[in-house]
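One letter stands for each residue in the lines below.
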Amino acid sequence: MSIHESNGSPQSLKNASKIKFEERRESLTFLGLSLPAILAILIVVFLPIIWLSSLSFYNAAGELSMENYARIYESALYRRTFVVTFQISIAVTLICVLLGYPLCYWLTKLPDRTASILMIFVLVPFWTSILVRTYAWLVLLQRNGIINSSLMSLGIIDEPLQLAHNLTGSIIGMVHVMLPFLVLPLYATMRSIDTDLVRAAVGLGSSPREAFWRVFFPMSRPGLFAGIVLVFILSLGFYVTPALMGGGRVQMLAQRIESTITIYSNWGAASALGVVLLLLALVMIWLMHRVFGLDKLFMR
Amino acid sequence: MFANKSQTIDISNLCKSYGSVNALDDVSLNISAGEFLTLLGPSGSGKTTLLMALAGFVRPDGGSIRFGDREMITTPPHKRGLGMVFQSYALFPFMTVAENVAYPLKIRGVSKSDQKIRAERALETVELGGYGNRRINQLSGGQKQRVALARAMVFEPQIILMDEPLSALDKKLREHMQIELKALHQKLDATIVYVTHDQREALTMSDRIAVVNHGRIEQVETPERLYRQPHSFFVADFIGESISLPVTVAKGTAQLGERVLKSDLPIALGSGGHRLVVRPELLEVTPGDVPETANDLSGYVHDIIYQGDSVLVIVQHDSVGQINVRVPANRAGQIGLPSKGERIGLALHPEDTIIVPEHIS
Amino acid sequence: MEQVGQRKIDGMWLTVVGFAVLFFLILPTLIVIPISFGGGDFLEFPPNSFSLRWYESYFSSIEWMSATKISLIVAVMTTAIATPLGALCAYGLHCSTPRIRNTAQAFVIMPLVVPVILTAVGVFSLYAKLGLNYTLTGIVIAHTAIALPFVIVTVMSGLQNYDFDQELAARSLGASRAFALWTITVPQVKFSIQTGAFLAFVTSLDEVVISMLVSGGENATITRRMFNSMRDHLDPTIAAISTCLIAVSIGALICVRFLGSRGEVNE
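Procedures and definitions
- Residues numbered from 1 in each chain as written.
- Chains lettered and ligands numbered in written order.
- Predicted model: local features only at pLDDT ≥ 70, side-chain atom pairs only at ≥ 80, totals over all residues.
- Heavy atoms only, no water.
- Helix = DSSP H or I, 4+ residues; strand = E, 2+ residues; numbered from the N terminus.
- Rg over C-alpha atoms; globule rule 2.2 N^0.38 Å.
- Buried < 20%, exposed > 50% of the residue type's maximum accessible area, 1.4 Å probe, protein only.
- Contact = heavy atoms within 4.5 Å.
- Areas by Shrake-Rupley, 256 points an atom, 1.4 Å probe, with all protein chains shown as cover.
- Lys, Arg positive; Asp, Glu negative; His and termini not counted.
- Charge placed at Lys NZ, Arg CZ, Asp CG, Glu CD.
- Pairing = 2+ DSSP bridges.
- Axes fitted to C-alpha atoms, helices over the stretch in contact; angles between N-to-C directions.
- Phe/Tyr/Trp six-rings, centres within 6.5 Å; stacked < 30°, edge-to-face > 60°.
- Lys NZ or Arg CZ within 6 Å of the ring centre and 35° of its normal.
- Buried area = accessible area lost by both parts, 1.4 Å probe.
- Polar contact = N/O pair within 3.5 Å; in protein donor to acceptor, adjacent residues only side chain to side chain.
- Salt bridge = Lys/Arg side-chain N within 4 Å of Asp/Glu carboxyl O.
- Expected span 1.5 Å × (residues − 1).
- Bend = angle between axes of the 7 residues up to and from the residue.

S.K.: How would you sum up the overall build of chain C? Please name residues and give values.
M.R.: On a plain count of helices and strands, chain C comes out with 12 helices and 0 strands. Put simply, chain C runs from its N terminus to its C terminus through helices and strands in the order α-α-α-α-α-α-α-α-α-α-α-α. For 267 residues, the compact-globule estimate of 2.2 N^0.38 gives 18 Å, and the C-alpha radius of gyration of chain C, at 23 Å, exceeds that figure by more than 25%. Projected onto its principal axes, the C-alpha coordinates of chain C cover approximately 75 × 70 × 35 Å. The 267 residues of chain C split such that 56% are buried. In chain C, the share of contacts with a sequence separation of at least 24, taken over all contacts with a separation of at least 6, comes to 69%. Of the roughly 11500 Å² of accessible surface on chain C, a fraction of 68% belongs to carbon and sulfur atoms. Side chains of chain C carry 15 positive and 16 negative charges; the gap between the two charge centres is 9 Å.

And the structure:
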């Protein structure tokens, strides 16, 4: 009848090796299922980038050197590219926050159904090709486009403004592309905030403004930060819109990398620029990960 | 009877650790063919890990699991031939009730027409005849539970495992299902291993109960003996209502303070001192002041709480503190209840005097 | 009193800004549709007359048609390869130990945040060695790799919401792991898989930067041709093509939603 025989901690476990073998076999099977996809990503995305990065440490003569990086530092052209890239990215991020935060806050205050219908207005552009949207902006902002003609007919301006093919155009187009990347994580975070807390704060005597800044805003910060990091990273390496809207006057990092290769075939310089860009992106992501966890980046 | 279809389960030296936590600490347990055995323990005690190891979903670090005379330790779950009922029921929501129940038959290559007949028969067994075409989301919690049961037994497995299958039901339905499950077990020729944290449920249904704590089996006993003769303080405390008082044990006799207690029950050995376990319903109330001799205590009535089927009398004892006494309602009527502040005697009979060690050795 | 008035002004201000931003988001997206039906010789908005001339110019151009065909072939092939590979990978990772899962997940998410120009240049240089530039195979492989993360992330989140006990139940009832996966799990994460497939399709169809470097010649994708054309001048034909692209994307989205909601009825 007595069942439990406690003979201390058994030194050698029965069947342990057989079980271990099965366990290994099983985890290898799972690995096998995941491997094709992981290999594809590894070979197509990671290995070329690593190889490319290694190129940046060789000079034209094929010797190991930091020449490429030194040139980036010394060359006014490259320095200018970095400055422009940062200026544009910061401007775009700032405008996205100024437009996106009130939008999300407004949507949060609306009834669920209304808000989810209005979210379609954010999602449709999100799923529309960047080329299509950039094309639309080119049409809208051209010399005799609708913006200029309406401004003129309203008598605000006398002659058409130069809106496309310059910095203004690039920024307008980029903001339009980036805004959903800020809105989606921010809106998700705001939706999950308990509005009772804000009401409680008002009930306890704070003015609505105080309640907003003391309670609601701090709680929306993780989403805001995720959006900002996402927009900033994507802006740093953005190619299509500035290439088309900038009209050759605006050269951001991505375009500089592309032209350095396709026009000048200077792989060393291009890859050094690429390494710097990659490091910038990784630092931002690492920062994001440290503060909020990586999964927050993709909570849409 | 059919020729001994149900199987024995022999577990020996089963170990499983997650990091530094021992989920299963050298567990050995023999379950007889056709037995209804319950693994009872608090959450995190390892009872579910043990069940999952039986099912093949948890890989132990070592040990042996035998069904009949076949070693199962590395057999994949689908070749173990057991039926399992999950806590969440785990019904397939995109299939009808009948398709759910027929799923194990389909796998076993049973013909379409036989599938239909046997699924319907299984549904009738759980009193859901005619529900075959329903969708899962059209069922109530109790009905889902029955479908899960029908699905686990339709292919006549020799062993059925159940992981807290009634925990999602409300109290009334749960108690009803307990009786039904017990009756069903008698109809089925299967060994049932049942996991629960509800001691009442375990007492109601089981042939034997294995009390699990910290990855070890503290005691395996029939419900009655487990209740009357717990081997450890954990078992005594976990099963039934009780209060406990520290006692000293020397040479096979226990002392409460100065007093030598009379007990007809064997005192189990263990570590960490001993405790006297007093179950409120096993104490006898005697009116008036009585001399404090042997197992008898006396004290003032502190409070009387009417609880419908019984009355709880809270007695303040001079030295050991509060002692609860439960008097069945009809008996309370016969003897007449004491009033607050009155001094009464409490008799603890030697056959009910439970003395257990703090920890099993 | 004063506070209530202030709150009203705040609310109105917010509503105006909210609508303005939504307008800013949606208008440029939809404006290409009326433009594409314009009858004049130049881009006009609002158009003065209605015509299908730009669609005619699109559908009668051999170059545009071939690019469209290439893009559709690439998108379909990418979807066909990335969806099963990604779904299997998601399942494999879901069943792995947390440590392997987290590491692999971080790895899989990376391509989504690596600047696409770097991926493009990297692929271009790799293909230069392998002779895969300007080939259909090359574009499909590249697009598959960048579409995979979308499929994996979507299917993994689908698996997280799925009651995995069901697969265990199926296995305890006698189904092998593969059979349980196919008959019980797959039907229930179907919606995630379809969403993943949709994302793969749209990612490939709309991809510009890699296509620009890696596709070309007779295997140029429509995005490459559009990009080059937009660099030169504003051809209204592009409006017609854009409208078609929007229609295909929204059509695919509706397809997924429709199939998905049919699957959800059972839930």
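S.K.: Run through the overall build of chain B, naming residues and quoting values.
M.R.: Within chain B one finds 9 helices and 20 strands. Once the C-alpha set of chain B is aligned to its principal axes, its extents read approximately 75 × 45 × 40 Å. Per-residue burial for chain B yields a buried fraction of 53% across its 361 residues. A separation of at least 24 residues holds for 69% of the contacts in chain B among residues at least 6 apart in sequence. Both charge centroids of chain B, one from 38 positive and one from 41 negative side chains, sit 9 Å from each other.

S.K.: So what's going on with the sheet that holds strand β9 (residues 208-213) of chain B? Residues and values would help.
M.R.: Residues and elements named next belong to chain B. The mixed open sheet is built from 6 strands, whose spatial order is β6-β7-β8-β3-β9-β10. In this open sheet, the two edge strands, each paired with only one partner strand, are β6 (82-85) and β10 (216-221). Strand-to-strand twist of the sheet, defined as the mean angle between neighbouring strand axes without regard to direction, takes the value 15°. The strands that helix α1 (residues 47-55) touches are β3 (36-40), β6, β7 (159-163), β8 (191-196) and β9; relative to β7, the one it contacts most, it runs at about 145°.

S.K.: With reference to specific residues and values, describe the packing of aromatic side chains.
M.R.: Inspection of the entire model under this criterion finds 27 aromatic pairs over all chains. Relative to A:W213, the ring of A:F212 lies with its centre 4.9 Å away and its plane at 85°, an arrangement referred to as edge-to-face. Classification of A:W213 by relative accessible area gives exposed; the value is 54%. With centroids separated by 5.6 Å and ring planes inclined at 40°, the aromatic side chains of B:F36 and B:Y194 adopt a geometry described as tilted. Residue B:F36 is located in strand β3, and its partner B:Y194 is located in strand β8; the two are separated by 158 residues in the primary sequence. Judged by relative accessible area, B:F36 falls into the buried class, the value being 0%. Take B:Y194: its relative accessible area is 0%, and that puts it in the buried class. Members of the aromatic cluster, joined through ring pairs, are A:Y101, A:Y105, A:F212, A:W213, A:F216 and A:F217. A cation over a ring is seen here: B:R134 above B:Y131, with NZ or CZ 4.5 Å from the ring centre. Above the ring of B:Y227, the side-chain terminus of B:R279 is found at 4.2 Å from the ring centroid.

S.K.: Could you give an account of the sheet that holds strand β2 (residues 21-31) of chain B, naming the residues involved and the relevant values?
M.R.: Residue and element names in this part refer to chain B. Reading across the sheet, the 4 strands line up as β2-β1-β4-β5 and stay open at both edges, with antiparallel pairing between neighbours. With one partner strand each, in any of the chains shown, β2 and β5 (70-71) form the two edges of the open sheet. In this sheet, strand β4 (residues 62-67) lies alongside strand β1 (residues 9-18) in antiparallel orientation, the contact comprising 5 bridges. Its bridge partner being in β4, D10 is matched across the sheet by R66. The strands touched by α1 are β1, β2 and β4; relative to β1, the strand with the most contacts, the crossing angle is about 120°.

S.K.: Describe the side chain of A:S65, listing the residues and the values that go with them.
M.R.: Residues and elements named next belong to chain A. Its place among the elements puts S65 in the loop between α1 (16-55) and α2 (67-74). The exposure class assigned to S65 is buried, which follows from its relative accessible area of 19%. Look past the residues within four positions of S65 in its chain and what remains in contact with it is S56, F57, Y58 and N59.

S.K.: Outline the interface of chain B and chain C, listing residues and values.
M.R.: By a widespread convention, an interface's size corresponds to the accessible area lost as its parts come together. With 22 residues of chain B at the contact, the number on the chain C side is 21 residues. Per-residue buried area on chain B facing chain C is highest for B:H78, B:F94 and B:Y103; these three make up 29% of the total on that side. The interface formed by chain B and chain C contains 4 residue pairs in polar contact (both at pLDDT 80 or more). For the side of chain B that touches chain C, the secondary-structure elements that each account for two or more residues are β6, α2 (97-107) and α4 (141-153) of chain B. Take the side of chain B that touches chain C: its biggest share by element is 3 residues, from α2(B).

S.K.: Hey, could you go over the environment of B:P266 for me, with residue numbers and the actual values?
M.R.: Here B:P266 lies in the loop between β13 (259-261) and β14 (270-278). For the pair formed by B:P266 and B:R216, sequence separation is 50 residues and the distance between their alpha carbons is 22 Å.

S.K.: Before we move on, could you go through the pattern of salt bridges and cite the residues and values that matter?
M.R.: One pass over the structure, following the stated rule, counts 16 salt bridges over all chains. Residue B:R208 pairs with B:E35 through a salt bridge whose shortest N-O separation is 2.4 Å. Taken together, the residues B:R208 in strand β9 and B:E35 in the loop between β2 and β3 connect sequence positions 173 residues apart. Of the two residues, B:R208 and B:E35, neither departs from the other in class, the shared state being buried. Taking the shortest distance from any N to any O, the salt bridge between B:R275 and B:E358 comes out at 3.9 Å. Note that B:R275 is positioned in strand β14 and B:E358 in strand β20 (residues 354-360), a separation of 83 residues in sequence. Here the salt bridges do not stand alone but share partners, grouping A:E26, B:R59 and C:R177 into one network.

S.K.: Tell me about the pairing of β2(B), and name the residues and values.
M.R.: The pairing of β1(B) with β2(B) spans 7 bridges and is antiparallel. If you follow B:Y18 over to β2(B), its bridge partner there is B:V21.

S.K.: Outline helix α8 (residues 167-191) of chain A, listing residues and values.
M.R.: Residues and elements named next belong to chain A. In this model, α8 (25 residues) spans 35 Å end to end at C-alpha, consistent with the 36 Å of a helix rising 1.5 Å per residue. Most pronounced at M178, the bend in α8 amounts to some 35°, and the proline P180 follows within four residues. Counting buried positions over the 25 residues of α8 gives 20, a clear majority of the element. For α8, the N-terminal cap is N166; the gap from its side-chain oxygen to the backbone nitrogen of T168 is 3.2 Å.

S.K.: How would you sum up the interface of chain A and chain C? Please name residues and give values.
M.R.: The partner chain C presents 79 residues to the 73 residues of chain A that form the contact. Here chain A meets chain C over a buried area of about 7000 Å², counting both sides, of which 85% is carbon and sulfur. For the chain A face of the interface with chain C, the top three residues by lost area are A:W106, A:W127 and A:Y135, together amounting to 11%. Joining chain A to chain C, the criterion identifies 1 salt bridge. In this structure, A:E26 engages C:R177 in a salt bridge whose closest nitrogen and oxygen atoms are separated by 3.3 Å. If you look at where chain A meets chain C, you find 7 residue pairs in polar contact (both at pLDDT 80 or more).

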